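What follows is each chain in one-letter form.
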2 protein chains.
Amino acid sequence: MKKKKIALFGFGCVGQGLYDIIQQQNDLPFEISKICVKDPNKTRNLPGSVFTYDKHEIFNDNDIEIIAEAISDDDEALEIVKLALKHGKKVVSASKKMLADNLADLIELESKSSGVLIYEASVCGSIPILRTLQDYYQRSSIDGISGILNGSSNYILSKIIDEDCSYTTALREARELGFAETDPTLDVGGFDASNKLCIIARHGFHMPLKTKEIFQFGIRHISEHEIAFAQKKGYKIKQVAILQKTKPNRYLAMVIPAFVDGHHPLYKIDNEYNGVILQSEFMGDQLLTGKGAGSHPTGWAMFSDLLAITNGYRYNYYNNDPAGSLPDTDFAFNIYLKCTSDMVMIALDFKLLEDLSPGTAYRFVYGSVKLKDLLKFRSSENFKTTFITLDLRYLLNKLSGINEKKGIVKAMV
Amino acid sequence: MKKKKIALFGFGCVGQGLYDIIQQQNDLPFEISKICVKDPNKTRNLPGSVFTYDKHEIFNDNDIEIIAEAISDDDEALEIVKLALKHGKKVVSASKKMLADNLADLIELESKSSGVLIYEASVCGSIPILRTLQDYYQRSSIDGISGILNGSSNYILSKIIDEDCSYTTALREARELGFAETDPTLDVGGFDASNKLCIIARHGFHMPLKTKEIFQFGIRHISEHEIAFAQKKGYKIKQVAILQKTKPNRYLAMVIPAFVDGHHPLYKIDNEYNGVILQSEFMGDQLLTGKGAGSHPTGWAMFSDLLAITNGYRYNYYNNDPAGSLPDTDFAFNIYLKCTSDMVMIALDFKLLEDLSPGTAYRFVYGSVKLKDLLKFRSSENFKTTFITLDLRYLLNKLSGINEKKGIVKAMV
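Residues numbered from 1 in each chain as written. Chains lettered and ligands numbered in written order. Predicted model: local features only at pLDDT ≥ 70, side-chain atom pairs only at ≥ 80, totals over all residues.

Draft legend 1. Highlighting the interface of chain B and chain A. If you look at the interface, chain B gives 31 residues, while chain A gives 31 residues. By residue class, the composition of the side of chain B that touches chain A is 15 nonpolar, 9 polar and 7 charged. Pairing of strand S12 (residues 284–291) of chain A with strand S12 (residues 284–291) of chain B involves 3 bridges; the strand directions are antiparallel. Each residue of the ladder has a partner; that of Leu287 of chain A, found in S12 of chain B, is Thr289 of chain B. (Contact = placed C-beta atoms within 7 Å. Nonpolar A, V, L, I, M, F, W, Y, C, P; charged D, E, K, R; others polar. Pairing = 2+ DSSP bridges. Helix = DSSP H or I, 4+ residues; strand = E, 2+ residues; numbered from the N terminus.)

Draft legend 2. Spatial organisation of the packing of helix H4 (residues 96–112) of chain A against helix H9 (residues 191–204) of chain A. Residue and element names in this part refer to chain A. The contact between H4 and H9 brings their axes to 9 Å, and the two run at 50 degrees. With respect to each other, H4 and H9 are oriented oblique. For the crossing formed where H4 meets H9, the hand is left-handed. Each of Lys96, Lys97, Leu99, Ala100 and Leu103 in H4 lies in contact with H9, whose residues at this interface are Asp192, Asn195, Lys196, Cys198, Ile199 and Arg202. Of the residues belonging to the contact of H4 with H9, the class tally is 5 nonpolar, 1 polar and 5 charged. (Axes fitted to C-alpha atoms, helices over the stretch in contact; angles between N-to-C directions. Parallel < 35°, antiparallel > 145°, perpendicular 65-115°, else oblique. Left-handed = near helix turned anticlockwise from the far one by under 90°.)

Draft legend 3. Just the sheet that holds strand S2 (residues 30–36) of chain A, in detail. Residues and elements named next belong to chain A. Reading across the sheet, the 6 strands line up as S3-S2-S1-S4-S5-S6 and stay open at both edges, with parallel pairing between neighbours. Where the open sheet ends on each side, the last strands, each with one partner, are strand S3 (51–52) and strand S6 (116–118). As judged from the 2 bridges shared by S2 and S3, these two strands associate in the parallel manner. Counterpart to Cys36 in the pairing with S3 is Thr52.

Draft legend 4. Layout of the environment of Lys232 of chain B. Within the element layout of this structure, Lys232 of chain B appears in helix H10 (residues 224–233). In sequence terms Lys232 of chain B and Leu337 of chain B are 105 residues apart; their C-alpha atoms lie 17 Å from each other.

Draft legend 5. Main features of the packing of helix H3 (residues 74–86) of chain B against helix H4 (residues 96–112) of chain B. Residues and elements named next belong to chain B. The geometry of H3 relative to H4 is characterised by a closest axis approach of 11 Å and an angle of 15 degrees between their N-to-C directions. The angle between the axes of H3 and H4 places the two elements in the roughly parallel class. Helix-helix and strand crossings are classified by hand; for H3 and H4 the assignment is right-handed. Contacts between H3 and H4 involve Asp74, Ala77, Leu78, Val81, Lys82 and Leu85 on the former and, on the latter, Lys97, Met98, Asn102, Leu106, Leu109 and Glu110.

Draft legend 6. View of helix H3 (residues 74–86) of chain A. Residue and element names in this part refer to chain A. The terminal C-alpha atoms of H3 lie 18 Å apart, and with 13 residues this matches the ideal 18 Å at 1.5 Å per residue to within 8%. Those residues of H3 that sit buried are Ala77, Leu78, Ile80, Val81, Ala84 and Leu85. The arc that holds every buried residue of H3, seen down its axis, measures 165 degrees, which confines them to one face. For H3, the secondary structure elements touched by its buried residues are strand S1 (4–9), helix H2 (55–59), strand S4 (64–69), strand S5 (90–93), H4 and S6. Positive backbone phi, at 75 degrees, marks Gly88, one or two positions downstream of H3. (Expected span 1.5 Å × (residues − 1). Buried ≥ 20, exposed ≤ 12 C-beta atoms within 10 Å, placed from the backbone. Arc of directions from axis to C-beta.)

Draft legend 7. Region of interest: the sheet that holds strand S3 (residues 51–52) of chain B. Residue and element names in this part refer to chain B. Across the sheet, 6 strands lie side by side as S3-S2-S1-S4-S5-S6; this open sheet has parallel pairing. Each end of this open sheet is capped by a strand with a single partner; those strands are S3 and strand S6 (116–118). For strand S5 (residues 90–93) and S6, the ladder comprises 3 bridges, and the chain directions are parallel. Within the sheet, the bridge partner assigned to Lys90 lies in S6 and is Val116. Sheet strands in contact with helix H1 (residues 13–23) are strand S1 (4–9), strand S2 (30–36) and strand S4 (64–69), and its direction is about 150 degrees off that of S1.

Draft legend 8. Layout of the relation of the copies chain B and chain A. Of the transformation placing chain B onto chain A, the axial shift is 0.0 Å and the rotation is 180 degrees, giving an RMSD of 0.0 Å. Put plainly, the chains are arranged around a two-fold axis. Of the C-alpha atoms belonging to chain B, the one lying closest to the rotation axis is found on Leu288 of chain B, 2.4 Å away. A shared binding surface is used by both copies, with 100% of the interface residues of chain B retained as interface residues in chain A. (Least-squares fit on C-alpha atoms with pLDDT ≥ 70 in both.)

Draft legend 9. Molecular detail of the environment of Phe59 of chain A. Residue and element names in this part refer to chain A. Following the sequence through the fold, Phe59 ends up in helix H2. Note on Phe59: 18 C-beta atoms within 10 Å, which makes it partly exposed. Put simply, Phe59 and Ala84 are 25 residues apart on the chain and 6.6 Å apart in space, counted from C-alpha to C-alpha.

Draft legend 10. Examining the nonpolar core more closely. Counting residues in each nonpolar core, the largest one holds 260 residues, and the members touching the most others are Ala68, Leu197 and Met302 of chain A together with Ala68, Leu197 and Met302 of chain B. In this structure, Ala68 of chain B is in contact with Ile6, Leu8, Phe9, Leu18, Val92, Met302 and Leu306 of chain B, ignoring residues within four places of it in sequence. (Core = buried A, V, L, I, M, F, W, Y, C linked by C-beta atoms within 7 Å.)

Draft legend 11. Spotlight on the domain arrangement of chain A. All names here are of chain A. Each assigned domain of chain A is listed with its residue range as follows: domain 1 (4–118) and domain 2 (127–292 + 322–413). Domain 1 and domain 2 are separated by 32 Å when their C-alpha centres are compared. At the junction of the two partners, domain 1 supplies 8 residues and domain 2 supplies 11 residues. In terms of residues, the side of domain 1 that touches domain 2 owes the most to one element, H4, which gives 6 residues. Across the side of domain 1 that touches domain 2, the residue classes break down as 5 nonpolar, 1 polar and 2 charged. (Domains from an automatic or database assignment.)

Draft legend 12. Quick look at the pairing of S1 of chain B. All names here are of chain B. Examined bridge by bridge, S1 and S2 share 6 bridges and lie parallel to one another. When the bridges of S2 are listed, Ile6 appears paired with Ile32. Assessed by its sense of winding, the connection that carries the chain from S1 through H1 to S2 is right-handed. Relative to S4, S1 is paired through 5 bridges, and the arrangement is parallel. Counterpart to Lys5 in the pairing with S4 is Ile64. (Right-handed = clockwise from strand over helix to strand, strands pointing away.)

Following this line, the structure appears as structure tokens:
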């Protein structure tokens, strides 16, 4: 049988991983016929004839049925995916930010074209989370999705807590190992995990979540106080993404550093590993764990999408949220707050429960805060000199009480 | 659209779970038209007209396209599945022992009939492991699959170790909660996990593994010595199923109690939860965790299969093992052995490394043993007064050395 022709856009970390995997397989129903890259002057390990620098050469080639897009420029990625769909091509994408920002438009474009768009590699590297949500959870009532969705941040936090590494050294290592985004602010600022949460929300909650509706707080400004506190208490600090129904048409969506104790299943998800917990009525809790970053793990997710799309696979989209759910802004939970001024506590309408640093120049305090005050606080000048760590156990206990009737959000294992 | 008609065989724990789930869904493409049960005199919560006691009534009804089989009598289950395939019906089965014992025949029968057979519910309750192996790992070179595959044994061991429960009390609880097989010997003897390992082997290794090729050792005769040792060392005892390539055309297949330390991802998989670790070249390690037993979790796996089979889903079978791999019988590893006589150590050709009970009437010893001697020992009279616990860390380190080149079998998290 004649092999279907694929064009690969991008030959960075993920693109090369995908290329490696394809080269090592026999009897594939497809082959890479062209690789489109930006820089004609860069030295590459392949013959020059396989590369092109003109995307239109690919779109105008009717023999190319499938596009694998793994580039770091999001505007360019969007244009490529749109053009590909307009040309009726099948598209596999790994560009999480581009997808999170444009998912509604792309879904509409796909529905009107003869093309197909799938994007497993955009979320949690090697973990087949979108496939599982689509094929196994499609009719399940999911109450909550939480987890570690960014391999780079998790790697940095593991090094800091477990190996007493400095933030700078840990970040450099994460970049060298190919775990970090081209712009690492996306990782450590919580933006990358927010993008993934939006994509997961579309497939798990059938809900069009936008990144601006997520409270996100990065790990860049982590200080010795949180690290010392975690080590003293036997906690780890994890960048946790949470999307949780709190009541009808209301949800809680956050990406936030959290103190995680040894009883929680995320405690043991270290380094570049990701872990996603799915809470549903009939199945209880499930945890999927695997490498969330890296050339081959993410390349495999793209490879698997290529096989699927060749076999006619596509996503089905529903809208389970016709009423248009909103963030539950009055929802209160407990955080650890490190700040340099009492003004922050006032601005946050912070209910102090315990002062953990009496008599010092900075404040390291434990107390209750409402989502709406955190959302407002994002535009404050003090935001950058503050660090917030979630008390995950308190939150889970509170959610567990709310959902007691349905028996969800119990300590998983 | 006219709904497809389903006949459900069996209305026990899993059958009722499936029924509940279907009743709570809207707009399904199918409906249950008949439930075939054995005992006409049993009181049931549904109108009598939905039940039938004659399977031929179902096979001769051309309106019934799909069979959901969840009965505990394996001979009867086999006959039902064979008859259904011969009648060209689509079949969803949960009968692990029946499937493990007859998989090759059933695959052949399916290939010759116009029927389809899938069976996600037969392995690990709610965890979509077969779907993941089929759709995501199909072309991956899997080096090892290990995990906790039996919810009932795991529940019993959790209660014994964590809550100082007696074996008898824990077993009774597992039965009351619906986690145990109708014949609990299947669970606690390691047979149920062996059956699941055979089914997983077919889809993960594309290899026709038989239960007799698996060394299985149950948890029935666990003694105060192992329990005290685990508690002293901070270990848990888990019934671990292992299928691992050791060299070309050789594998290690065991279901065995193991001491698991806090660093291993299976340590935290407690109660009725199951966990499966998949080790592959490009993705590294993945762990899937979820409820491995219970009415609704297992019912959901059947429900999900019903949706899939309605949409034309079927398994693809390959044979990756044309040479016919064999157990690596010379493979040696370390175990903890509790026995009442030195004859056991001699019979096992046991290399003593440490005597953990000097000066007592029984022997509790640590040392090395070969797979072939364990396989032989199964027919020994002393088998029943012996307890064997695997040193999981030692085994993983040894396998890690063997597979170092490929980078697999590292401590996962």
